[in-house]
Amino acid sequence: MINIHSLSKTFGLKPVLRDINLSVPKGGFLALLGPNGAGKTTLLRIVSTLSRPDTGEVSVAGLNLSTHASAIRQLIGVVSHKPLLYVELTAEENLRFYARLYGLVTAEPRISTVLAQVNLSAHRHDLVSTFSRGMQQRLSIARATLHHPQVLILDEPYTGLDQDAAIMLDDVLRSVSTAGCTLLMTTHDSARGLALSQRVAILSRGRIAFETGSIRLTPMQLEDKYREIVNA
């Protein structure tokens, strides 16, 4: 579903991504670990069509990023560091706006469903400007899953969430994964990434330094491997 081949990206004279090769099969769940500055956000921005690689190819659902970026946007949902919400609108108005962008004809039942999933039903008529950071993150998760995306891309989605909201997100991710959605997620929480995903990869200094593949590691083994790579 996601195929990345020989991808490289440079900002100025600084290489950020170096010859990245990754794939996530349909219905798969890949957790991408790595320290700050490893290139994780840049990689997800490219897969999300928000940036272009200098070299290499990216395809989503068989569509090439360089020629079908607009079509790819209809297939994906994105949770990034920024909530991508309109703070002068209510939660419901935000979701109704995005529903129109995605061409959802009968959006109201779906809006109610996703608000319930992220425990914001009681706040559907509240302005987003009144929301805490965690509430905005929950609404951004509702926005990203609103149109039943084939691919869900999440960049540190647990940022700003309290323990209860993090458990809620665990449930949402398991639900969409079980429904056949393909997931690519960056996280600093190696134990959570290992528990939720089918595969884990470690990005370090712009390169894929490790992939679990069919190997199943314990959280402690993965943490030891992570430290070994990052401190090398």
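For the structure itself, consult the block above.
Source: prediction; values computed, not measured.

A.B. asks: Talk me through the overall build of the protein; I want residue IDs and the actual numbers.
C.D. replies: For the protein, the count of helices and strands is eight helices and 10 strands. Relative to the globule expectation of 17 Å for 232 residues, the C-alpha radius of gyration of the protein, 18 Å, shows essentially globular dimensions. Classification of the 232 residues of the protein by burial places 52% in the buried group. Counting only contacts in the protein whose residues sit at least 6 apart along the sequence, the fraction spanning at least 24 positions is 67%. When the accessible area of the protein is evaluated, it comes to approximately 10900 Å², of which 54% is carbon and sulfur surface. Averaging the positions of the 24 positive and the 19 negative side-chain charges in the protein gives two centres separated by 5 Å.

A.B. asks: Quick one: what's the story with the packing of aromatic side chains, residue by residue and with numbers?
C.D. replies: With the rule as written, the count across this model stands at three aromatic pairs. For the ring pair Y86 and Y98, a centre distance of 6.4 Å and an interplane angle of 35° mean the geometry is tilted. With a gap of 12 residues between them, Y86 in the loop between strand 6 (76-79) and helix 3 (91-101) and Y98 in helix 3 connect regions that are remote in the sequence. Looking at Y98, the relative accessible area reads 12%, which means it is buried. An aromatic cluster of at least three residues, connected via ring pairs, comprises Y86, F97 and Y98.

A.B. asks: Lay out the pairing of strand 6 in plain terms, naming residues and giving numbers.
C.D. replies: The alternating pattern of strand 6 places I76 and V78 on one face and G77 and V79 on the opposite face, and all of these are buried. Judged from the four bridges that link them, strand 6 and strand 7 (residues 151-155) form a sheet pairing that is parallel. Bridge pairing in strand 7 places G77 opposite L152.

A.B. asks: Account for the side chain of R124, naming residues and giving values.
C.D. replies: Within the secondary structure, R124 is located in the loop between helix 4 (108-117) and helix 5 (133-145). The buried category is assigned to R124, whose relative accessible area is 16%. Within the structure, R124 has its side chain in polar contact with the side chain of S112 (distance 3.2 Å). Residue contacts for R124: discarding those within four places in its chain leaves T90, A91, E92, E108, I111, S112 and L115.

A.B. asks: Can you tell me about helix 2 (residues 65-73), naming the residues and giving the values?
C.D. replies: Those residues of helix 2 not exposed but buried are L65, A69 and I72. What you see down the axis of helix 2 is that its buried residues fit within an arc of 90°, all on one side. For helix 2, the exposed residues lying more than 90 degrees away from the buried face are T67 and S70.

Analysis parameters
Residues numbered from 1 in each chain as written. Predicted model: local features only at pLDDT ≥ 70, side-chain atom pairs only at ≥ 80, totals over all residues. Heavy atoms only, no water. Helix = DSSP H or I, 4+ residues; strand = E, 2+ residues; numbered from the N terminus. Rg over C-alpha atoms; globule rule 2.2 N^0.38 Å. Buried < 20%, exposed > 50% of the residue type's maximum accessible area, 1.4 Å probe, protein only. Contact = heavy atoms within 4.5 Å. Areas by Shrake-Rupley, 256 points an atom, 1.4 Å probe, with all protein chains shown as cover. Lys, Arg positive; Asp, Glu negative; His and termini not counted. Charge placed at Lys NZ, Arg CZ, Asp CG, Glu CD. Phe/Tyr/Trp six-rings, centres within 6.5 Å; stacked < 30°, edge-to-face > 60°. Pairing = 2+ DSSP bridges. Polar contact = N/O pair within 3.5 Å; in protein donor to acceptor, adjacent residues only side chain to side chain. Arc of directions from axis to C-beta.

Take it as geometry only, folks, not as evidence of what the structure does.
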